[in-house]
Amino acid sequence: MIAPFQTRFIHILLADDDEDDRFLIKEAFQRQFTNCQVSTVDNGEELLDFLNDYDQEEAFNRQLPDLILLDLNMPRLDGRNALKLIKQNPAWRHIPIIIMTTSDASPDIELSYLNGANSFITKPATFQQLTHVASVIGQYWFDVVTTCNHTVEK
Amino acid sequence: MKALTRYLPDQARQRIAIGFITAMLLIAVGFGLSFYSYNRHSEDNSLSRRTDVVINDLNELLSSLKDVETGTRGFVLTQDSIYLEPRHAALPLLPKRLKHLNELIVDDPAQKQRLDSLEKLVKANIYRTDQLIGLSPTRGNWTQVKSYLLLGKMRMDDARRLVATMISAERALTQTHDQQASKSFNATIIIILLLSVLTFIVLIVSYNALEGELTHRQRVEDQLRGYEAELKAKIQQLETSNEELERFAFVASHDLQEPLRKIQSFGSILQQRSQQSADTETSEYMSKIMQSAERMSKMIKDLLHFSRLSAGLGNELKTIRLNDLVRRILADKELQIKGLNAKVDVGALPVIKGIPFQIEQLFNNLIANALKFIRPGVAPRIQIKAESIDGNLYPELVSGQPYTRIMISDNGIGFDEKYLTHIFQIFQRLHSKTTYEGTGIGLAICKRVIQTHKGHITAISQPGKGAAFIIILPEYQPLQAYDSPISNEVYSYPAS
């Protein structure tokens, strides 16, 4: 049984190459939810490393992220390929992935859903809109939707 | 220069034609002369044949005369009728020969005269010999016989002389004739030779002119080909730069969005803070910054939209029922139309070939404008009607091609027609942003759509008296304008 969102600790992993966007999105989520931890990585490679290193990470409570926010255009390994790799990996593919990008081109949207993205959101223009988006995402994914609970035993 | 090059080929053609006609005439004259010369030659031949016959006849005549004379002499001396036999044989021949000779020399007066004398001589001689036969030396009239015999000899001498004269005259005539004939024959040969040389020269000159003309044409054609290749290269260059420009507009506006979003995002955080701190001045400035950023964002989105119009996405021509399309647009704007208490009359609109989303954009923008630029207190009235016209009505169109003219007229605020070109340019507005909202992209998009469809857009208006926007689309879309073939699929709109 999953604890209601407001009472349990939520871990969100954000992959975005833009420092300002990382700041804004993290800020928006943390303003909305106090029980929320947002980790950030710069590109797809770091994202995969982060997921791989989870077992060796001592500081965390041995839990994979509850949600991944993924930008499409990133250096080294972009969001499109990172999405494919995560969704092909049996240990990770249950994690909901929300594409958050500046693109609103239909090929990007189509391909993302085709490769297993759970949502596609075009980055909002203002901070107000962004906090609104954060609150909707939080409520939807952690209150409304039932997700898998893959807590790794210590 | 242009007139000269147009004139030259005609002149050359004329020269060549004259050359060949001259050559043909010369050949014809040569042929005529040859024919004439041949006729003359055969005439001369018949003349010399006549001469031969005349000489022969004269000799025979003389010989017959001799037969008569010697036969008579023999009979008179011997009284033996055996000597009369040659006389009897020769006598009937004489008039025949004379008659024949008369026929032959009828057109020669000198000879005719001589022949007449000869005839008289012959007749006199026959008469004399008849007399002589009746006499007989044994009967004692010897002297008379002797005188008759002497007379016969003299007459025979006369006849011989006459015949000789006639023969020589006839020979002389033939000779002069032959000389003349050979002279004229030589002259004819020389003339024919000269004509041939002249023909030859004319043909060479004509050939040269023809060759010159052909070389000239080849040169002109090569030049034209050169221009064609140049033109193709220029078109290619233009297309490339046009593509680059559109790509540039797309990329620029796309990339411009990114920093602007940051300005708006951080700005909104600051704006919130300034509102909380109750610093009214900062709050006011922040809201101005945010409004400007908002406006810029809208313009970038419009620019992106505008550049996407010609980026070649979904440019398939389809059959569009304009009445369906307009009905759908009006249904979308139903609330606004009811709110304004507007009346919209739509006439019978044609079915056209076009790019559906572009044509929809076109009509949507024009109808939206008619509903936007309204006079306060006047219920908006919009009329949409269509008619078929010929391209020669507008200089921008192809003359002789059929077009559809669609007029969208309103009773709104209108505009001064001196701004006619101005209003179709991107981001150009006639009113302040606060009076009528918008970035000034609508009519620019309309114009772009019309250009893509090889049509024309214009408007007629007067301030305060409404405006009529006129869009003209070709009834048939030229295929080469698009790479994709025309789809026969009808683009339909869901009924609402």
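Because the structure is a prediction, the values reported are computed rather than measured. Numbers given for residues are sequential positions, taken from 1 along each chain in its written order. All chains are assigned letters beginning with A, and all ligands numbers beginning with 1, in the order in which they are written. Per-residue local features are limited, in this predicted model, to residues with pLDDT of at least 70; the limit for side-chain atom pairs, both in listing and counting, is 80 or more; totals at the level of whole chains, interfaces and linings are taken over all residues. Excluded from the side-chain calculations are hydrogens and water; all other atoms, namely the structure's heavy atoms, are used.

The next point concerns the overall build of chain A. Each helix corresponds to a stretch of at least 4 residues labelled H or I by DSSP, and each strand to a stretch of at least 2 residues labelled E; elements are numbered beginning at the N terminus. Counting secondary structure elements, chain A contains five helices and five strands. Here the term buried applies to any residue with accessible area under 20% of the maximum for its type, exposed to any over 50%, and partly exposed to those in between, with areas from a 1.4 Å probe on protein chains only. The proportion of buried residues among the 154 residues of chain A is 50%. By the convention used here, residues are in contact when the closest approach between their heavy atoms is within 4.5 Å. Considering only intrachain contacts with a sequence separation of at least 6, the fraction spanning at least 24 residues in chain A is 67%. For chain A, the accessible surface area stands at approximately 7,700 Å², while carbon and sulfur atoms represent 49% of it. A 1.4 Å probe and the Shrake-Rupley method give the accessible areas. Residues count as covered only by the protein chains that appear here.

A tally of helices and strands in chain B yields eleven helices and eight strands. Expressed as a percentage of the 496 residues in chain B, the buried residues total 36%. For chain B, the accessible area works out to roughly 29,700 Å², and carbon and sulfur atoms hold 59% of it. This count recognises Lys and Arg as positive and Asp and Glu as negative, with His and chain-terminal groups excluded. A single reference atom marks each charge: NZ on Lys, CZ on Arg, CG on Asp, CD on Glu. Charged side chains in chain B number 60 positive and 53 negative. The centres of these two groups are separated by 3 Å.

Moving on, we come to the UniProt feature "coiled-coil region" (unreviewed entry) in chain B. UniProt positions are given in the numbering used here, feature names are shortened, and annotations may be inferred rather than shown by experiment. Mapped onto this structure's residue numbering, the UniProt feature "coiled-coil region" (unreviewed entry) falls at residues 217-248 of chain B. Split by type, residues 217-248 of chain B is 100% helix and 0% strand. Its first and last C-alpha atoms lie 45 Å apart.

Let's shift gears to the pattern of salt bridges. By convention in these notes, a salt bridge is any Lys or Arg side-chain nitrogen within 4 Å of a carboxyl oxygen on Asp or Glu. According to the stated counting rule, one finds 32 salt bridges over all chains in the structure shown. Note that Asp-116 of chain B is salt-bridged to Lys-112 of chain B, the shortest N-O span being 3.6 Å. A residue pair is termed a helical-turn pair when its members lie 3 or 4 positions apart in one helix, as Asp-116 of chain B and Lys-112 of chain B do in helix H4 (residues 109-134) at four residues. According to the relative accessible area criterion, Asp-116 of chain B is partly exposed, its value standing at 32%. Measuring nitrogen to oxygen at the nearest pair gives 3.4 Å for the salt bridge that ties Asp-324 of chain B to Arg-327 of chain B. Within this pair, Asp-324 of chain B and its partner Arg-327 of chain B are both found in helix H7 (residues 322-332), separated by three residues, close to a single helical turn. For Asp-324 of chain B, a relative accessible area of 24% puts it in the partly exposed group. Judged by its relative accessible area of 53%, Arg-327 of chain B is exposed. Salt bridges sharing partners connect three or more residues here, namely Asp-16, Asp-21, Asp-71 and Lys-123 of chain A together with Glu-258 and Arg-261 of chain B.

To continue, consider unusual backbone geometry. The phi torsion at Arg-76 of chain A lies on the positive side, around 60°, for a residue other than glycine. Residue placement: Arg-76 of chain A occurs in the loop between strand S3 (67-70) and helix H3 (79-88). By relative accessible area, which is 65% here, Arg-76 of chain A ends up exposed. At Lys-454 of chain B, a position not held by glycine, the phi torsion is positive, near 60°.

A word on the packing of helix H5 (residues 142-276) of chain B against helix H6 (residues 280-309) of chain B. In a packed pair of helices, the relevant descriptors are the angle between the two axes and the axis-to-axis distance. All names here are of chain B. For helices, the fitted line uses only the C-alpha atoms of the stretch in contact; every axis is such a line through C-alpha atoms, and the angle between N-to-C directions lies from 0 to 180 degrees. Closest axis-to-axis distance for the H5/H6 pair is 8 Å, and the angle between their directions is 160°. One finds that H5 runs roughly antiparallel with respect to H6. The hand of the H5/H6 crossing is left-handed. In terms of residue class, the contact of H5 with H6 is built from 13 nonpolar, 14 polar and four charged. Note on terminology: angles under 35 degrees are roughly parallel, angles over 145 are roughly antiparallel, angles of 65 to 115 are roughly perpendicular, and the others are oblique. It is the rotation of the near helix from the far one that decides the hand of a crossing: anticlockwise by less than a right angle makes it left-handed, clockwise makes it right-handed. Charged residues are taken to be Asp, Glu, Lys and Arg, nonpolar residues to be Ala, Val, Leu, Ile, Met, Phe, Trp, Tyr, Cys and Pro, and polar residues to be all remaining types, Gly included.

Another aspect to go through is the packing of aromatic side chains. Aromatic rings from Phe, Tyr and Trp, taking only the six-membered ring of Trp, are treated as a pair when their centres fall within 6.5 Å; an angle between ring planes under 30 degrees marks them as stacked, one over 60 as edge-to-face, and anything in between as tilted. Under the criterion given, the structure shown has four aromatic pairs over all chains. A centroid spacing of 6.0 Å and a plane angle of 15° characterise the contact between Phe-23 of chain A and Phe-266 of chain B, whose relative ring orientation is stacked. Taken together, the residues span two chains, with Phe-23 of chain A in helix H1 (residues 19-32) and Phe-266 of chain B in helix H5. Owing to a relative accessible area of 42%, Phe-23 of chain A belongs among the partly exposed residues under this scheme.

Turning our eyes to something else, we now look at the UniProt feature "modified residue: 4-aspartylphosphate" (unreviewed entry) in chain A. Residues and elements named next belong to chain A. As recorded in UniProt, the sites labelled "modified residue: 4-aspartylphosphate" (unreviewed entry) are Asp-71. Structurally, Asp-71 is set in the loop between S3 and H3. Contacts of Asp-71, omitting those with residues within four sequence positions, involve Ala-15, Asp-16, Asp-17, Gly-79, Met-100, Thr-101 and Lys-123.

We now examine the environment of Ala-468 of chain B. Residue and element names in this part refer to chain B. Within the secondary structure layout, Ala-468 lies in strand S7 (residues 467-474). Look at Ala-468 and you get buried, because its relative accessible area is 8%. The contacts of Ala-468, once residues within four sequence positions are left out, are Met-407, Ile-408, Ser-409, Thr-458, Ala-459 and Ile-460.

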